[in-house]
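So you can see what is in the structure, the chains are spelled out below.
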Amino acid sequence: MAKAIGSKHKPGDVTALQVQRFKGPGKLKIGAGLYLVVTPTGNRRWVYRFTFAGKPSELFLGPEGRLTLAEARARCAEAKALVDAGKDPRHSMNAAARRAKQAKTAGVPAFGDLADDYIDSLEPTFKNEKARQPWELSLVTYAAAIRKMPVNAVTTAHIADLLKPIWHTKPETARRVRWRVEAVFSEAIARGHRDKNPDGELIVQRNPASWKDNLDRTSLNRRKATKQLVKHHPSMPFKDVPAFLTELRSRESLAARALELCILTATRTAEVSGARWAEFDLKDGTWTIAAERMKAGREHVIPLSAPALAVVKALPRYEGSPFVFPGLTGDKHLSNMSMAMLLRRMGREMVTVHGFRSTFRDWAAETTQFPAEVAEMALAHTIASKVERAYRRGDLFEKRKKLMAAWANYCGAECGSNVIVMR
């Protein structure tokens, strides 16, 4: 990861050209708590880091594409003044931003203003900071061509033009961009901004991003013929897992223990790296993950096999940290990339952490007699059939308990029967 610039530059010395040349990923220190943060996916945002009520905090100032360096410095100075006055800028500046946007939308707003307002309205529904990034990518980056246009001036042709470059090469991205743009125009319709165009004429197609009887009649529909193959997470053949776990258990790092627990419980990367001690009942041998930490948004109770329980019990507890796998500072958990980097160091570049869930599913289907729904519930998958979901109220806990014990037993045995795995 690129180092933050700051040691060779005094605060205020960073120029707009240096900002433009900084590709990241990483943090570019501007000064006085202001940073340009570039994520691994290329998203660029201004962030003000400060301490309030004794706790380190961050304030998102806006995407770098919408704010110049001078504007970001001005917002940072405004936020710093609020902190110095004993006020939390995360509340007061957001309220000020809403008031400013309401003043702008007294007439017909530009698509970009309405899109930013729409993203802000979704903030309470985001599980974490990363959940905002896909919306910004769709409505800021991909929809850049219409951001400055009044929402009542955008036509179906404009939407088709911005989708064409990615419709064939990135079909899934294009699909998500389209429905997110459609959502913003639905908001514009609800606010009465799509009744008439700038010439005062009635708008026939009120939502220019809708598909049926609209975009499906453009050239986009003809480009739909090429179907992109579904790419699955690379996984390890289940016959190789016992030997791999033997090698993994010889490593002493926290990432190694996290990956071991991840494999034994068939859970996702974020569920393990963000695990909290309060979620574990070591006496009953269960791990209860709250709904807000689950992809499906439902609480998931995992029966811990004896080896999985042993992994958790052997871990040290760090004073002041609620996390089972803490990061360098106790207030954050282990990075989600730690297990992936460990796989690289072990020479398993072609395998992903998430792929072990597929490995578990293949093993259950090909070598056991457990019903498919038991394995699916062990993976916390949503039942596809709405009817079956309505009638299946239980979580098959006892059956899942036996399945996970069988999986742990398989993982703990080498191919040869005379091999004993030592911790």
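No experiment lies behind these values; they were computed from the predicted model shown.

1. Quick notes on the overall build of the protein
At step 1: For the protein, the helix and strand inventory stands at 17 helices and 7 strands.
At step 2: Restricting to contacts in the protein with at least 6 residues of sequence separation, those with at least 24 account for 57%.
At step 3: Total accessible area on the protein stands at roughly 23600 Å², and carbon and sulfur atoms take up 54% of it.

2. Examining the confidence of the model for the protein
At step 1: In this model, the protein carries a mean pLDDT of 83, and residues with pLDDT of at least 70 account for 85%.
At step 2: With pLDDT under 50 throughout, residues 223–230 is counted as low confidence; its partners more than four residues away or in other chains account for 9 contacts.
At step 3: Below a pLDDT of 50 lies the segment residues 414–423, which in the model reaches 12 contacts outside its immediate sequence neighbourhood of four places, other chains included.

3. Description of the environment of proline 237
At step 1: Relative to the helices and strands, proline 237 is located in the loop between helix H8 (219–222) and helix H9 (241–248).
At step 2: Each C-alpha atom, one on proline 237 and one on aspartate 362, is 8.4 Å from the other, the two residues being 125 residues apart in sequence.

4. Points about the sheet that holds strand E7 (residues 300–303)
At step 1: Sheet architecture is open: 3 strands sit in the order E5-E6-E7, paired in antiparallel fashion. The open sheet has two edge strands with one neighbour each: strand E5 (280–281) and E7.
At step 2: Here strand E6 (residues 286–289) pairs with E7 via 4 bridges, running antiparallel. Each bridged residue has a counterpart across the sheet, and for threonine 286 the counterpart in E7 is proline 303.
At step 3: Contacting E6 and E7, helix H17 (residues 397–411) runs over the sheet at an angle of about 45° to E7.

5. Things to note about the environment of alanine 372
At step 1: By secondary structure assignment, the location of alanine 372 is in helix H15 (residues 372–378).
At step 2: Among the residues examined, alanine 372 registers a relative accessible area of 42% and is labelled partly exposed.

6. Thoughts on the packing of aromatic side chains
At step 1: Scanning the entire structure with this criterion turns up 13 aromatic pairs.
At step 2: Where phenylalanine 360 meets tryptophan 407, the ring centres are 5.4 Å apart and the plane angle is 80°; that geometry is what we call edge-to-face. Of the two residues, phenylalanine 360 is situated in helix H14 (residues 355–367) and tryptophan 407 in helix H17; the sequence distance between them amounts to 47 residues.
At step 3: Each member of the aromatic cluster is reached from another via a ring pair, and the members are Phe238, Phe360, Trp363, Trp407 and Tyr410.
At step 4: Taking the ring centre of tyrosine 35 as reference, the NZ or CZ of arginine 49 above it sits at 5.5 Å.
At step 5: Geometry around tryptophan 135 places arginine 180 over its ring, the cationic atom sitting 5.1 Å from the centre.

Cut-offs applied
- Residues numbered from 1 in each chain as written.
- Predicted model: local features only at pLDDT ≥ 70, side-chain atom pairs only at ≥ 80, totals over all residues.
- Heavy atoms only, no water.
- Helix = DSSP H or I, 4+ residues; strand = E, 2+ residues; numbered from the N terminus.
- Contact = heavy atoms within 4.5 Å.
- Areas by Shrake-Rupley, 256 points an atom, 1.4 Å probe, with all protein chains shown as cover.
- pLDDT = per-residue confidence, 0-100.
- Pairing = 2+ DSSP bridges.
- Axes fitted to C-alpha atoms, helices over the stretch in contact; angles between N-to-C directions.
- Buried < 20%, exposed > 50% of the residue type's maximum accessible area, 1.4 Å probe, protein only.
- Phe/Tyr/Trp six-rings, centres within 6.5 Å; stacked < 30°, edge-to-face > 60°.
- Lys NZ or Arg CZ within 6 Å of the ring centre and 35° of its normal.

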